[in-house]
Structures are given as structure tokens and as C-alpha cells.
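# Working through the structure, step by step
Below are the chains, spelled out letter by letter.
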Amino acid sequence: MRYRHRTTLTLALGVVLLVDVLRVFLPAVITIFGQAASTPAELLGAFALGWFVLALAAPALVRRVGARPVTLVAAVLLVAARLAVTGQPGGRLQLWLATAGLLAGLVWLAGVAAATDRPVPGLALGLALGAILHTALDTYRLGFLGSWQSWLAAGLVGGLFLAGQTRPAPPAGPGGVRSWLLAGPALLLAGMVALSPAVARTATTYQFGLLRSHPGDEVGVATVPLLGPAPVAVAVGGFLLAALASPRQGAWRWLAPVALVAGAVLFAVERGELLLPAVLLAAAGLGGCLASAGAADGRDSPATGSTEETEAAAAAGFAVPDGGTADPGRAAGRRAYAVVAGMLLFAVAAVLYYAAYDLGHPNAGVPVAVAVLVAAVALAARPAVGPVPASLPPVRTAAAATALALVAAIASDELLSASNRDGPPDTVRVAAYNVRMGFGTDGRFDPDALARAVAGADVVALSEVDRGWLLNGGHDTLDLLAERLDMPYVFAPAADPLWGDAVLSRWPLDGARTRPLPAVGAPTGAQALGVTVDLGDGVRLAVVATHLQPPPGQGPVVQARAVADFALRYAAGRPLVVAGDLNTEPGDPAFAEFTRAGLVDALAAARPLPTSPADDPRQQIDHVFVTPDLAAADPVAPPGTASDHLPVAVTLTLPPA
């Protein structure tokens, strides 16, 4: 393997490992340190940011000890933490192992930056490889899998990564500050939108879903798609081609920055039908902006030569070019500080964006601001004069990555179809479950446990469904659960197009409608999703799934009234089920809004039936209401800790035809 190719591949594998650890660290902060939303959002943010701030000491450590020893030790610790996380997919120990891995990864980045002046090929390849691996795993993260396959994959990546550390990096020039500064913002934009297979899949469920919502709805619904996550292959290919090719000159230099900002704006609009163009534009634009920064690195880097100053800097631990610089040690230090500052920017932007759903401040401008920053750095970079040797062939690399991503998308996807078409049945088993983005009380992401919790249900109403938030690891929780239950679904956005409520059914679904609910001061959005279950022979069951989000210290009376009104109008005289996390208890004013509307508490025979918190249930806040023509039997709340809520389930006897 050519020397520069080996360096590029080593950096790429390190990025894959660091991103994998990050995808465990971020949700662990929420679900383990946060303890089921009992910890203030400000404290969560301070805890997460603190480790990135601590990493600001890494460049000084590199300068004092030397880049190579620091890089080697940090690389070993990063691999060890990554393997340890595989063996500990939940609990407080997982949080601290992921934290150790994150800190080791940040120190490793600082050491590599000190010795590398042209990081763009390695950074771009690492982000692309991470997206391909994430696609192959159907958006599951290896850190949450304890199988032998996960150990093998993690061990293989870690072994190759450590093997690449055995030889020193090639000589480095004074450039690279711009590229390393963009590492954190690029990771954020790639994980949030540009290279996320979960976001790509969700985008196709809005654009190419098999069921359309009512044209009069303010927001659309997402349903089982034909193409699955296939668009991620186009995104990966476009990203790599743009990142590895020579950047455009003249007025064409604006093309990539404009595309990146446009993609971020479309994402910030929070409309499901705009997700797909947002992904594709952001991917190509991000790659082009990285290419512009990389070309400027080439301009700053001399080719050959030797000076006593170079030898002195090398002895201090910094790899420098044979041609030397006025102060090679200072250039290496600037690169190290640049990459840590970029990662701190990643953390600040992520906290600002996702904390808005707890604190209520505007967040749509965060990804746009990050995209504008990346675009500004790209436009400010002056490209190299004359040819700069490419570390990887752009066309062949992009084509290979596209093919791999497409194969991964096809192999990991399943087309779901309703299995119960002979009907109508006499009874229907209905379950409601707040899945907390798929994370249990111990912080373990376990869609298999979620599926077992609602096994036997014919219709399932889900709350707190996450379909690609980077903060939660970038999983498409809905798709993972639907595949395990073998049920098609309808999804309705609440907070944004990636977070909301869903209905799954063994019978065909149609007539989907969604209605945003009054916010009444609550930071997280809420909606009511109505779908019709086709039980055969003209028998229909109306189901409305919702998750009421009251403002702090108040009950969801206004939202409850809005849901009851919407549900009755949607059912139009048909048998009706209203189910979900209603954040109200029997006897509360909001609970009375449903009974006042003529609905019946289907769980009444089992009261009290507490469902939250799952490990010590005390509150009765998850409910199923039905019209009087549906007879309820066998209401239960099966124990378990796959979420911070217990599911509720009840068997409903249909009225005579």
C-alpha cells in the first residue's frame, strides 16, 4: 500500500471508531446520566460539553510529550474503549466507557492533526465508510450489539487502525488548519442529515411511501417505502466525488457552498417532503467545501527539502515537511488546536439544537449556521497553484463507495406488508407504548426487547419514535421495530420530521390523517395521527395515536380536548380507538376530556395500572380509550425495562357487522 494511502486509510478508520463511540456517548448522556428526563437539560449539556472542553488540553500535551507517543497511546485507548462498549451495551459503566473512548478519540485527533497537513481524503473516507457500515447494520450501531459479529467487526476495524499507527506519518507542511477546523462541523452535518442512512430512509418514507396523507393536512405522514435507504448510496457517492476531486474555479467555487447551505435550509424547514433534497444537496455541498479547504492545504505545503529547523521540530515530536517552515512546531500546534476547536463546535451545536426540545428555544438556525461557517471557510480558502497529487482516485473511490452503500441498503432493507387479510376478526389486540427512542432504563438500545413487549398485538400505537436524531445514535427505531414485528406502519411527525408517533398493524392501513396539536407553551411538539385499519369485508376500525406534551407544571387539557375532537370527527361513526402516552391520570381534568367526549377507559377493569417509570411504576399516564361499541377485555401493562414506560395492551371485541 502506498505510504499516503496508508495514512489516509488509518485516519479514515480512526474517524469510523470515533463516530461509533460518539453514537454511544450521546444517547448515554441522555438515557443514563439523564435518568429518564429527571436531570435538567442544562446539566446534561454541561456534562457533555465538559469532555470536549477538557480535550482543549490535548494540543499542549502533544507539544510537551510529542505527537507520535500521544497518538499511539490514545489510539490504543480508543480501540480498547470501543471494544469495551461492545461488551457493555447498557448501564452506567457504558456511559463511562464511551466517555473514555470519546476523550481518547479527541486526544488522538489532536495528535494526528499535529502530524498531518492534508486530512480531507481521510476525513471524507472515514465519514463515508461510517455511513456505509451504518447502512449495512440497518442503522443499528455496533456498540449496542453484543453478538460475535459485532466483536469481529469492531476487532477488525480496531486491528487495522492500530496497524496503521505503527509507522510515522509522512512529512507534513504548515497547512491543514482549515481542514482540521472543519472536521467537527462536517461530522455534525454528516450525522444530522448529509450521510445519515436513517434520515435517508425516513426521507423516502415521506417521498415514496405506499400510503399518502390527506391533501388538506398541514403536515404529511410517512409510510413504508419502496426504496428504503437507497438514497444514501447517492449521497455517499456524491459526497466522496466532490470531496476528492479538484475544486471548481471562478464562479463555480460557489456551487458547493450554496448547495450545502441550501440543504441545511431545507432540513431546517422541518417538512418531511423536503428531507430527500436536503440530504442530497448537503452531501454534495459538504464534500465540495471540504475539497476547497483541502486544495488550500496543498497550496500551503512545500514539497521537498531539509533544514536543521525541520529536524529540531521533528525531535520535538511534530512531523514537518522536508522543506521546513518558519516555525513548524507552531504550525503543528495550530492544527491540533483547530481540530479540537472544531469538535467543540460540534458539541456546542449539537447541544444547542437538541436541547431546544427540552428548553423551548429556536433551533432551526443551528444547522444552517454550521453550514454557513463551513461554506465561508471553503470560499475563503485559496486553491493551490498547480496540480496537487490526489490521495485517492475520486471517480473510482466514489463509484466503489456508491456500489457498497447500495448493496448495504438493499441487503438491510425489508419490504413490510400486512399479513392479516382474511377478515374481519372477532377481536383485535391493541397496544400502546412510549418507546423512548428505543432506549431502556439502563440505556440499552434494544429493539428486540421492544418487540417482545408488544408481542401478540394486532395494532400498536407508538410514542416518542426517533427516526434518525444524531443525539440518539442515528437509529431508525421505527423501521427496526416494524421489521421485528413484521408490521407496516404510518408515522406522523411531532417535534420534527424525524421524531413523532406511529401506528403499526397486521391489517392494511389507509386514510391516514395527522393534525398538529396546540403547543400551549410546551417546547416539544405534539400531534394526533388518525389511521383506518381495514379488517376486511367493509369492516373498519379508526385508530388515533398521540402523545400529549403538556407545558411544565400544567396538565394537557387543551391538547386532550383537541385530540378528542379530532378523533371523533375522524372516526365519523366508526368504532374508534385513541391510544398513547397521554401524560394524564384518571381523575385529572385532561383525562375527563376523553370521557366527556363519550369515550370509555378500556383499561378500567385493571385500575390502578401504573406505567411510568418502568422500573418502579407509579403513574398511570399511558391509556387506551374506545367508543362504547368496543368491548374491552384482558387489559395489562406487561413489566419490563426496554423503555422508561410500560406498554399497555387490551383485547377489543368488534361490534356485530
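Everything here concerns the structure above.
As the structure is a prediction and not an experimental result, all values here were calculated from the model.

Each helix and strand in the chain was counted, giving 21 helices and 13 strands. In terms of overall dimensions, the chain is globule-like: its C-alpha atoms have a radius of gyration of 26 Å, near the 26 Å expected for 657 residues. Dimensions of the chain, computed from C-alpha atoms along their principal axes, come out at roughly 95 × 45 × 45 Å. Within the chain, residue pairs in contact and separated by at least 24 positions form 78% of the contacts whose partners lie at least 6 positions apart. Within the structure as shown, the chain displays about 23,200 Å² of accessible surface, and the carbon and sulfur contribution to it stands at 63%. Considering the chain, the positive charge centre built from 41 side chains and the negative charge centre built from 47 side chains are found 11 Å apart.

The sheet built from six strands is open, its strands ordered β6-β7-β8-β9-β11-β10 with mixed pairing. Each end of this open sheet is capped by a strand with a single partner; those strands are β6 (509–516) and β10 (600–601). As defined by bridge partners, strand β7 (residues 527–536) adjoins strand β8 (residues 539–547) across eight bridges and the pair is classed as antiparallel. Looking at the pairing, V533 lines up with L541 of β8. The strands touched by helix α21 (residues 589–596) within the sheet are β9 (576–581), β10 and β11 (622–626), with β11 carrying the most contacts at an inclination of about 20°.

Per the stated rule, a full pass over the model turns up 17 aromatic pairs. Both rings, one in W51 and one in W96, keep their centres 6.3 Å apart while their planes meet at 80°; by these two values the pair is edge-to-face. Separated by 45 residues along the polypeptide, W51 in helix α2 (residues 41–54) and W96 in helix α5 (residues 92–115) bring together distant segments of the chain. Here W96 falls in the partly exposed class, since its relative accessible area comes to 37%. Here F52 and F346 contribute two aromatic rings whose centre-to-centre distance is 6.2 Å and whose plane-to-plane angle is 45°, an arrangement assigned as tilted.

Moving on, we get to the environment of R429. By secondary structure assignment, the location of R429 is in strand β2 (residues 427–434). Under the relative-accessibility criterion, R429 is labelled buried at 18%. Expressed as a C-alpha distance, the spacing of R429 and L106, which sit 323 residues apart in the sequence, is 50 Å. Sequence-distant contacts of R429, that is, excluding residues within four places in its chain, are made with G456, A457, D458, V459, A633, D634, V636, A649, V650 and T651.

We now examine the nonpolar core. Ranked by internal contacts, the top residues of the largest apolar core, which has 153 residues, are F25, L195, F346 and L462. Ranked by residue count, the leading element in this core is helix α1 (residues 3–33), at 16 residues. What F346 contacts, discounting residues up to four positions off in sequence, is L22, L26, F52, G184, L187, L188 and L470. Listed in part, the 35 residues of the second largest apolar core include A461, V543, L646 and L652.

Another aspect to go through is the sheet that holds strand β12 (residues 631–636). Spatial strand order, β1-β4-β5-β3-β2-β13-β12: seven strands in an open sheet with mixed pairing. Of all strands in the sheet, those with a lone pairing partner are β1 (222–223) and β12, marking the two edges. Sheet analysis places strand β3 (residues 459–466) next to strand β5 (residues 499–505), joined by six bridges and oriented antiparallel. For A461, the partnering residue across the bridge sits in β5 and is V503. Sheet contacts for helix α19 (residues 477–485): β3, β4 (489–496) and β5; angle to β3, the most-contacted strand, approximately 155°.

β7 sits mainly inside the fold: nine of its ten residues count as buried. Here six bridges tie β6 to β7, and the two strands are oriented antiparallel to one another. Bridging across to β7, P516 finds its partner in Q527. In this antiparallel pair of consecutive strands, β7 and β8, the connection spans two residues, and D537 shows a positive phi of 55°.

Here we take up the packing of helix α3 (residues 58–65) against α5. Their axes nearest at 9 Å, the elements α3 and α5 cross at an angle of 55°. Accordingly, the angle class assigned to the pair α3 and α5 is oblique. The two elements α3 and α5 meet at a crossing, and its hand is right-handed. Between α3 and α5, the contacting residues are A58, P59 and V62 on the first element and V107, A110, G111 and A114 on the second.

Let's shift gears to the side chain of H547. Mapped onto the fold, H547 is located in strand β8. At a separation of 3.0 Å, a polar atom in the side chain of H547 contacts the side chain of Q549.

Taken together, the side chains of F208, L210, L226, L227 and L415 make up a nonpolar region of the molecular surface, amounting to roughly 510 Å² of accessible area. Here L210 is to be found in the loop between α10 (197–207) and β1.

What follows is about the pattern of salt bridges. By the definition in use, this model includes 17 salt bridges. A salt bridge links R561 to E593; the nearest nitrogen and oxygen atoms lie 3.3 Å apart. One end of the pair, R561, is in helix α20 (residues 557–571); the other, E593, is in helix α21, with 32 residues separating them in the sequence. Look at R561 and you get partly exposed, because its relative accessible area is 42%. Overall, E593 belongs to the buried group, its relative accessible area being 11%.

The next thing to look at is unusual backbone geometry. Following R607, the chain continues into P608 via a peptide bond in cis, with omega recorded as -5°. Among the secondary structure elements, P608 is positioned in the loop between β10 and β11. Omega for the bond connecting S612 with P613 falls within 30 degrees of zero, at -10°, which places this linkage in the cis form. Relative to the helices and strands, P613 resides in the loop between β10 and β11. Even without being a glycine, E270 presents a positive backbone phi close to 60°. Considering the arrangement of structural elements, one finds E270 in the loop between α12 (255–269) and α13 (275–300). With a relative accessible area of 27%, E270 lands in the partly exposed category. Of note in the backbone geometry, A572 takes a positive phi value of approximately 50° without being a glycine. Classification of A572 as exposed rests on a relative accessible area of 62%.

Calculation criteria
Residues numbered from 1 in each chain as written. Predicted model: local features only at pLDDT ≥ 70, side-chain atom pairs only at ≥ 80, totals over all residues. Heavy atoms only, no water. Helix = DSSP H or I, 4+ residues; strand = E, 2+ residues; numbered from the N terminus. Rg over C-alpha atoms; globule rule 2.2 N^0.38 Å. Contact = heavy atoms within 4.5 Å. Areas by Shrake-Rupley, 256 points an atom, 1.4 Å probe, with all protein chains shown as cover. Lys, Arg positive; Asp, Glu negative; His and termini not counted. Charge placed at Lys NZ, Arg CZ, Asp CG, Glu CD. Pairing = 2+ DSSP bridges. Axes fitted to C-alpha atoms, helices over the stretch in contact; angles between N-to-C directions. Phe/Tyr/Trp six-rings, centres within 6.5 Å; stacked < 30°, edge-to-face > 60°. Buried < 20%, exposed > 50% of the residue type's maximum accessible area, 1.4 Å probe, protein only. Core = buried A, V, L, I, M, F, W, Y, C linked by side-chain atoms within 4.5 Å. Parallel < 35°, antiparallel > 145°, perpendicular 65-115°, else oblique. Left-handed = near helix turned anticlockwise from the far one by under 90°. Polar contact = N/O pair within 3.5 Å; in protein donor to acceptor, adjacent residues only side chain to side chain. Patch = residues over 30% accessible without salt bridge, like charges linked within 9 Å, V, L, I, M, F, W, Y side chains within 5 Å. Salt bridge = Lys/Arg side-chain N within 4 Å of Asp/Glu carboxyl O.

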